[in-house]
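# Observations on chain architecture
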Amino acid sequence: MAAGKTRAAHPMKAPLIQAPASQMMSLLEELAAFSIPGTGVTRLLYSPEWSRAQLFLQERMAGLGLEVKVDAVGNVYGRLSGDNPDDPAIVTGSHVDTVVNGGKYDGAYGIAAAITALHYLQQTFGKPKRTLEAVSFCEEEGSRFPLTFWGSGNVTGLYNGSEADAHADAEGVTLTAAMAECSLGSLNPVLNARREDIGAFVELHIEQGIILEKTDTQIGVVQAIVGQRRFAVTVSGAANHAGTTPMLMRQDALAGTAEMLLAMERLALEAGEPLVATSGRLEVLPNTPNVIPGEVQFTLDIRHSEEEELDSFCSHITSVFKEVAEGRGLAIEISPRLSASPAPMDTRLTGMLESICRNQGRTYRAMVSGAGHDAQLFAPQCPTAMIFVPSRAGISHSPEEYSSPEELAAGLDVLTELLYELAYK
C-alpha cells in the first residue's frame, strides 16, 4: 500500500483478540499522576517523579505476573517467557519521560498498551511460543540532558555509558550523578543495558500530527521514520547606522537570511511531501532598532524518509544559501549539527499490520513519521514496526494532547493481535 493513501476497511468487526482497554486507560491515568505540580505532565529523566513512575511500573508488571528487570540506565522490562527463553524476544513499549508541561499520552500510551496486551495474552492463551517483553524506556525526549534516546540508545549501542560524565543538565548535574541518585549505573548494574537478543520491536504511539484525524483514519501503519539533518548557520555582514547607510551600500545579514529562508521554503514546497524544512531559531546581532544587523545565527532542520532525497536537498539548499550570500557581499558558515538516517520499518511486519486492520474492519493509512521515535534505533538491528493512532488537532508535547479512549483502544487491539501472531502462532 502506498504511503499517503487511506485504505477503506470492511465493516467493523469485533476483534477476535480484544485486550481490556479499561485496564490500559487506568494505567495511563495512574502514570499521569507522576509529575511535578503544574500544568500538564512533567516527568524528567532521573527526577523523583520519574523514579516513582518507574517503580510503579515495576510493581504493576510484577503484580500482573511478568518477570521484572531493570537495566543499568533504568529501562524497565516486564518479561513473559516463551517455550524457549533463550530465543530472541519480541519487545514492545515506549518511553516514560516527558517534555516540560507535556501531555499524558506521548510515550506513556505505548507502555500502558504493552503491559495490558501482555497480561491479556498471558491470561487468555497462556505461555507463548516466543518470549514477549513490555519495556518502559527511561528517556527519549532530551528534556533534561542535552541528548536524546538515552534509554533505547543504550539498548541498541548508540551509547555505551561513557557519555554520562560529559552531559549535564541546566543545574550542572551530570548524568552520572543523576543515575547515582537513583541507584543506577555502576552502583547497581542489575542488567547490562546493551542487548543483542531482541528479535523484533513494536512501538504503539499517538501520531503527534493531524493526518489521521483529517483523513478520518483509525490506524497509521508507519512505513518509515524520517531522517534528519540539522545545521547551525552564521551569516556575517556589516553592522552600520540605519539612517545614514544607503540601501545599495548595505551588507545586511538579516535581509540576506530572510532571502535564504524564503528560498528554502519555496524549494521545500517544490520538493513536496514528505520533505519538510524548518528554521526554528534566529539570533540577530546587535539586535538594536537603529542598527543594520551585522550577523545572524540560525538553525536548519531538514527531514525526509529517503536518504538520497534528503542529502540532495541539503546539498542544493547549501548551494543556494552560498549564492545568496555571495550576491549580497555576505560571509556564511554552515556547520552540521545532526545527521540521522531514515529508518524504514520492516515490510513483513507492516504487511501484517495492514492485514490485521483489514481483518478487524479498521481504516488504516500507510504513512511516514515526521517525528523521531525509539523505533528508529531498532530498525537497523531487528524487524521493527510502528503503529499510530489519531491525535486531536495534531497537538502533542502539550497539556492539550488528546486521543479518545476509542482511538486508543483501536491501537491496543491492533498491537495485541500483532503480538499474538508473532509470539503464539
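Summary of the structure given here. (Residues numbered from 1 in each chain as written. Predicted model: local features only at pLDDT ≥ 70, side-chain atom pairs only at ≥ 80, totals over all residues. Heavy atoms only, no water.)

Let us look at the overall build of the chain. A count of helical and extended segments in the chain gives eleven helices and 17 strands. Here the C-alpha radius of gyration of the chain, 24 Å, is about what a compact globule of 425 residues would show, namely 22 Å. Overall, the C-alpha framework of the chain stretches about 80 × 55 × 40 Å when taken along its three principal axes. Within the chain, buried positions represent 52% of all 425 residues. Within the chain, counting contacts between residues at least 6 apart in sequence, those at least 24 apart form 79% of the total. Accessible surface for the chain amounts to roughly 18,200 Å². Of this, 51% is attributable to carbon and sulfur atoms. Here the chain contributes 31 positive and 52 negative side-chain charges, whose respective centroids are spaced 5 Å apart. (Helix = DSSP H or I, 4+ residues; strand = E, 2+ residues; numbered from the N terminus. Rg over C-alpha atoms; globule rule 2.2 N^0.38 Å. Buried < 20%, exposed > 50% of the residue type's maximum accessible area, 1.4 Å probe, protein only. Contact = heavy atoms within 4.5 Å. Areas by Shrake-Rupley, 256 points an atom, 1.4 Å probe, with all protein chains shown as cover. Lys, Arg positive; Asp, Glu negative; His and termini not counted. Charge placed at Lys NZ, Arg CZ, Asp CG, Glu CD.)

What follows deals with the packing of helix H7 (residues 253-271) against helix H8 (residues 307-327). Interhelical geometry of H7 versus H8 gives an angle of 150° and a closest axis separation of 10 Å. The orientation of H7 relative to H8 falls into the category roughly antiparallel. In terms of crossing hand, the pair formed by H7 and H8 is right-handed. The residues of H8 that touch H7, namely those facing Gly-256, Glu-259, Met-260, Leu-261, Ala-263, Met-264, Leu-267, Ala-268 and Ala-271, are Phe-313, His-316, Ile-317, Val-320, Phe-321, Val-324 and Ala-325. Residue composition of the contact of H7 with H8, by class: 13 nonpolar, two polar and one charged. (Axes fitted to C-alpha atoms, helices over the stretch in contact; angles between N-to-C directions. Parallel < 35°, antiparallel > 145°, perpendicular 65-115°, else oblique. Left-handed = near helix turned anticlockwise from the far one by under 90°. Nonpolar A, V, L, I, M, F, W, Y, C, P; charged D, E, K, R; others polar.)

The next point concerns the environment of Glu-308. Its location among the elements puts Glu-308 in helix H8. When its relative accessible area of 67% is taken as the criterion, Glu-308 is described as exposed. Sequence spacing of Glu-308 and Pro-342 is 34 residues, and the spatial spacing of their C-alpha atoms is 9.9 Å.

Time to look at the side chain of Glu-49. If you trace the backbone, Glu-49 turns up in helix H2 (residues 48-63). Judged by its relative accessible area of 12%, Glu-49 is buried. With residues up to four places along the chain from it excluded, the contact list for Glu-49 reads Phe-34, Ser-35, Ile-36, Thr-42 and Arg-43.

Most peptide bonds take the trans configuration, and most residues that are not glycine carry a negative phi. Omega for the peptide link from Glu-273 to Pro-274 comes to 5°, which places this bond in the cis form. Mapped onto the elements, Pro-274 comes out in the loop between H7 and strand E10 (276-278). With an omega of 5°, the peptide bond running from Leu-285 to Pro-286 counts as cis. One non-glycine residue, Ala-393, lies in the positive phi region at around 60°. Relative to the helices and strands, Ala-393 is located in the loop between strand E17 (384-389) and helix H11 (405-423). Residue classification places Ala-393 among the partly exposed residues on the basis of a relative accessible area of 43%.

Moving on, we get to the environment of Glu-283. Here Glu-283 is to be found in strand E11 (residues 282-285). Residue classification places Glu-283 among the partly exposed residues on the basis of a relative accessible area of 30%. A C-alpha to C-alpha distance of 5.1 Å links Glu-283 and Gln-297, two positions 14 residues apart in sequence. Leaving out residues up to four positions away in the same chain, Glu-283 has contacts with Glu-295, Val-296 and Gln-297. Within the structure, the side chain of Glu-283 is placed 3.4 Å from the side chain of Arg-281, a separation counted as a polar contact. (Polar contact = N/O pair within 3.5 Å; in protein donor to acceptor, adjacent residues only side chain to side chain.)

If you walk through the whole model with that rule in mind, you get twelve aromatic pairs. Here Phe-137 and Phe-201 contribute two aromatic rings whose centre-to-centre distance is 5.9 Å and whose plane-to-plane angle is 50°, an arrangement assigned as tilted. Of this pair, Phe-137 sits in strand E5 (residues 132-137) while Phe-201 sits in strand E6 (residues 198-206), and the two are 64 residues apart along the sequence. Note on accessibility: Phe-137 and Phe-201 belong to one class, buried. Put simply, the rings of Tyr-120, Phe-125, Tyr-420 and Tyr-424 pair up and form one aromatic cluster. Cation over ring: Arg-195 sits above Tyr-77, and NZ or CZ is 4.8 Å from the ring centre. (Phe/Tyr/Trp six-rings, centres within 6.5 Å; stacked < 30°, edge-to-face > 60°. Lys NZ or Arg CZ within 6 Å of the ring centre and 35° of its normal.)

Moving on, we come to H2. Given a rise of 1.5 Å per residue, 16 residues ought to cover 22 Å, and the 22 Å separating the end C-alpha atoms of H2 matches this to within 8%. Where H2 is concerned, the buried positions are Glu-49, Trp-50, Ala-53, Gln-54, Phe-56, Leu-57 and Met-61. Burial along H2 is one-sided: seen end-on, the buried residues are contained in an arc of 155°. Of the residues in H2, the exposed ones pointing more than 90 degrees away from the buried face are Glu-59 and Gly-63. Against the buried residues of H2 lie helix H1 (21-32), strand E2 (67-70), strand E3 (76-80), helix H3 (108-125) and E5. Positive phi shows up at Gly-65, right after H2, with a value of about 90°. (Expected span 1.5 Å × (residues − 1). Arc of directions from axis to C-beta.)

This brings us to the nonpolar core. Counting 75 residues, the largest nonpolar core has Tyr-46, Tyr-109, Leu-132, Trp-150, Ile-219 and Leu-408 as its most contacted members. Counting residues per element, this core draws most heavily on H3, at eleven residues. Among the nonpolar cores identified, the runner-up in size contains 25 residues, and Val-233, Ala-263, Ala-268 and Val-296 belong to it. (Core = buried A, V, L, I, M, F, W, Y, C linked by side-chain atoms within 4.5 Å.)

Before going further, it helps to spend a moment on the pattern of salt bridges. Considering all chains together, one arrives at 17 salt bridges under this definition. Across the pair Arg-60 and Glu-30 runs a salt bridge, and its minimum N-O distance is 3.1 Å. With Arg-60 in helix H2 and Glu-30 in helix H1, this residue pair connects regions lying 30 residues apart in the sequence. According to the relative accessible area criterion, Arg-60 is partly exposed, its value standing at 27%. (Salt bridge = Lys/Arg side-chain N within 4 Å of Asp/Glu carboxyl O.)

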